[in-house]
Amino acid sequence: MEHTIRTAKSDEIINITDTIKDDVRSSEIKDGIVTVFVPHTTAGVTMNENADTDVVYDILTTLRKVFPKDPSHRHAEGNSHAHIKASIMGSSCSVIIENGELKLGTWQGIYFCEFDGPRVRKFYTKII
Amino acid sequence: MEHTIRTAKSDEIINITDTIKDDVRSSEIKDGIVTVFVPHTTAGVTMNENADTDVVYDILTTLRKVFPKDPSHRHAEGNSHAHIKASIMGSSCSVIIENGELKLGTWQGIYFCEFDGPRVRKFYTKII
Amino acid sequence: MEHTIRTAKSDEIINITDTIKDDVRSSEIKDGIVTVFVPHTTAGVTMNENADTDVVYDILTTLRKVFPKDPSHRHAEGNSHAHIKASIMGSSCSVIIENGELKLGTWQGIYFCEFDGPRVRKFYTKII
């Protein structure tokens, strides 16, 4: 399935777990794998803590520190730091489905990672 | 299948290849994909060299250097560096199965990555 | 399917999207997932921009800066920096197939990442 998300900041990590859960339920597939795929090159997807939002804040600030905007980058759009972060977090993730539910850990959520917003973005899910 | 692993250090990379191979054999599936999934937010999974254990030592020390404990992190548990490393290594990996065997490279092993131990941890496998 | 690629530099990011597209077409599978797998421990696979080659240049130079060759590394082959980059980029990626085509974003390409070349390398595809 295809989903649209509107990001609000230059970089931002947004919880999309409920959307993935809804897709799994409406598929009526009880047992398999769901793949979440981000069709962008300055955005990605990751799994991390769903409880304390300070965790995603710390992830974003650390990524900014380790992979800053760099005047020596050649890419004329000036967003190579965002391309790098997208590759490091990854464009897809896979979660196991059992008894019709996502087999996530207690503290795990699935997050859309915006690294060059704000923009209108998409992500896809595929259940097998 | 579900597996339990007891980690012994604050950060540690543990070879779990044999467990994945056993799961593939006992599934009797000859052809497909096995997904390894880690249901934690301060641990992950990666593939790397299975021969010289100095490689995983170097990976751990480098990750400590690049993503250190940082007093500016907001998350009160003080383990944001571990959350970051988990997202960077990833929560899942997929390996091809052919003729009932994992289609790994000669030097490739599958590794559980502990970044906030010691703890009792889990990982799952799903074969499709 | 198995593919061979000859890399020409110590580190290099090579567009392999057309090969993956050919595998998907020749499989005649209209709907599913293709997994691309790199069976090496100093090479990986990622997805990123297919238009401006400066992007992959910037990714390579940034990875060199953040994860340099380090004399404190123990691994005697002296290529631990390449092992680290391989784990960070990852050994596999998954793309959705719909109507017999890869469901990639407009700017997305699939890239083989050489971090310790030049070498003759392999990558595998598996369609489910």
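Notes on the structure in this doc start here. It should be emphasised that the depicted structure is a prediction, and the values quoted were computed from it without experimental measurement.

### Notes on the side chain of Thr46 of chain A
Link 1 in the chain: Along the polypeptide, Thr46 of chain A turns up in strand 4 (residues 43-49).
Link 2 in the chain: For Thr46 of chain A, a relative accessible area of 5% puts it in the buried group.
Link 3 in the chain: Beyond its immediate chain neighbours, meaning those up to four positions away, Thr46 of chain A contacts Met89, Gly109, Ile110, Tyr111 and Cys113 of chain A together with Ser87 of chain B.

### Re the interface of chain A and chain B
Reports often express the size of an interface as the amount of accessible area lost when the parts come together.
Link 1 in the chain: Facing the 30 residues of chain A at the interface are 26 residues of chain B.
Link 2 in the chain: The contact between chain A and chain B buries some 2400 Å² in all, and 58% of this surface belongs to carbon and sulfur atoms.
Link 3 in the chain: Interface area lost by chain A to chain B is led by Asp58, Ile96 and Lys103 of chain A, which between them contribute 21%.
Link 4 in the chain: For the pair chain A and chain B, the number of links is three salt bridges.
Link 5 in the chain: Taken together, chain A and chain B are joined by 16 residue pairs in polar contact (both at pLDDT 80 or more).

### Looking at the nonpolar core
Link 1 in the chain: By size, the foremost hydrophobic cluster in this structure holds 48 residues, and its most contacted members are Phe67 and Ile88 of chain A, Phe67 and Ile88 of chain B together with Phe67 and Ile88 of chain C.
Link 2 in the chain: Ile88 of chain B has contacts with Leu63, Ile88 and Met89 of chain A, Phe67 of chain B together with Ile88 of chain C, leaving out every residue within four places of it along the chain.

### As for the relation of the copies chain A and chain B
Link 1 in the chain: Once turned by 120 degrees and shifted 0.0 Å along the axis, chain A lies on chain B with an RMSD of 0.0 Å. Here the symmetry operator amounts to a three-fold rotation axis. Considering only C-alpha atoms, the part of chain A nearest the rotation axis is Ile88 of chain A, at 3.6 Å.
Link 2 in the chain: A low fraction, 13%, of the interface residues of chain A reappear at the interface in chain B, so the copies pair through non-equivalent surfaces.

### Concerning helix 2 (residues 54-66) of chain B
Link 1 in the chain: The end-to-end C-alpha separation of helix 2 of chain B is 18 Å, in line with the 18 Å expected for 13 residues at 1.5 Å each.
Link 2 in the chain: Restricting attention to buried positions, one finds in helix 2 of chain B the residues Val55, Val56, Asp58, Ile59, Leu60, Thr62, Leu63 and Val66 of chain B.

### Focus on the relation of the copies chain C and chain A
Link 1 in the chain: For the pair chain C and chain A, the best superposition has an RMSD of 0.0 Å and corresponds to a rotation of 120 degrees with a translation of 0.0 Å parallel to the axis.
Link 2 in the chain: Looking at the interface residues of chain C, only 13% of them are also at the interface in chain A, so each copy uses its own face.

### Digging into the packing of aromatic side chains
Link 1 in the chain: Under the defined criterion, the tally for this structure stands at six aromatic pairs over all chains.
Link 2 in the chain: Summarising the aromatic geometry, the rings of Phe112 of chain A and Phe123 of chain A are spaced 6.3 Å apart at their centres and angled 45 degrees between planes, so their arrangement reads as tilted. Linking Phe112 of chain A in strand 7 (residues 108-114) with Phe123 of chain A in strand 8 (residues 120-127), this pair joins segments that are 11 residues apart in sequence.
Link 3 in the chain: With relative accessibility at 0%, the residue Phe112 of chain A sits in the buried group.
Link 4 in the chain: Given a relative accessible area of 2%, Phe123 of chain A falls into the buried group.
Link 5 in the chain: Residue placement shows Lys103 of chain B over the ring face of Tyr124 of chain C; its charged tip is 4.1 Å from the ring centre.

### Details of the pattern of salt bridges
Link 1 in the chain: This model, assessed by the stated rule, comprises 30 salt bridges over all chains.
Link 2 in the chain: Here Asp116 of chain A makes a salt bridge to Arg119 of chain A, at a shortest N to O gap of 2.5 Å.
Link 3 in the chain: For Arg119 of chain A, a relative accessible area of 33% puts it in the partly exposed group.
Link 4 in the chain: One salt bridge in this structure joins Asp70 of chain C and Lys65 of chain B, with 2.7 Å as the shortest N-O distance. Taken together, the residues span two chains, with Asp70 of chain C in the loop between helix 2 (54-66) and helix 3 (80-89) and Lys65 of chain B in helix 2.

### Here we look at unusual backbone geometry
Link 1 in the chain: Of the consecutive residues Gly117 of chain B and Pro118 of chain B, the connecting peptide bond is found in the cis state with omega at -5 degrees.
Link 2 in the chain: Relative to the elements of secondary structure, Pro118 of chain B occurs in the loop between strand 7 (108-114) and strand 8 (120-127).
Link 3 in the chain: Phi angles above zero are rare outside glycine, and Glu28 of chain B is one such case at about 60 degrees.
Link 4 in the chain: Position of Glu28 of chain B relative to the elements: it lies in the loop between helix 1 (17-27) and strand 3 (31-37).
Link 5 in the chain: For Glu28 of chain B, a relative accessible area of 63% corresponds to the exposed category.
Link 6 in the chain: Unusually for a residue other than glycine, Asn99 of chain C sits at a positive phi of about 50 degrees.
Link 7 in the chain: Along the polypeptide, Asn99 of chain C turns up in the loop between strand 5 (92-98) and strand 6 (101-102).
Link 8 in the chain: We classify Asn99 of chain C as exposed; its relative accessible area is 68%.

### Observations concerning the pairing of strand 8 (residues 120-127) of chain C
Residue and element names in this part refer to chain C.
Link 1 in the chain: Burial of strand 8 is extensive: six of the eight residues sit out of reach of the surface.
Link 2 in the chain: In the sheet, strand 1 (residues 2-6) pairs with strand 8 via five bridges, with the strands oriented antiparallel. Within the sheet, the bridge partner assigned to Arg6 lies in strand 8 and is Val120.
Link 3 in the chain: In the sheet, strand 3 (residues 31-37) pairs with strand 8 via four bridges, with the strands oriented antiparallel. Paired with Thr35 across the two strands is Lys126, which belongs to strand 8.

Rules of the game
- Residues numbered from 1 in each chain as written.
- Chains lettered and ligands numbered in written order.
- Predicted model: local features only at pLDDT ≥ 70, side-chain atom pairs only at ≥ 80, totals over all residues.
- Heavy atoms only, no water.
- Helix = DSSP H or I, 4+ residues; strand = E, 2+ residues; numbered from the N terminus.
- Buried < 20%, exposed > 50% of the residue type's maximum accessible area, 1.4 Å probe, protein only.
- Contact = heavy atoms within 4.5 Å.
- Buried area = accessible area lost by both parts, 1.4 Å probe.
- Salt bridge = Lys/Arg side-chain N within 4 Å of Asp/Glu carboxyl O.
- Polar contact = N/O pair within 3.5 Å; in protein donor to acceptor, adjacent residues only side chain to side chain.
- Core = buried A, V, L, I, M, F, W, Y, C linked by side-chain atoms within 4.5 Å.
- Least-squares fit on C-alpha atoms with pLDDT ≥ 70 in both.
- Expected span 1.5 Å × (residues − 1).
- Phe/Tyr/Trp six-rings, centres within 6.5 Å; stacked < 30°, edge-to-face > 60°.
- Lys NZ or Arg CZ within 6 Å of the ring centre and 35° of its normal.
- Pairing = 2+ DSSP bridges.

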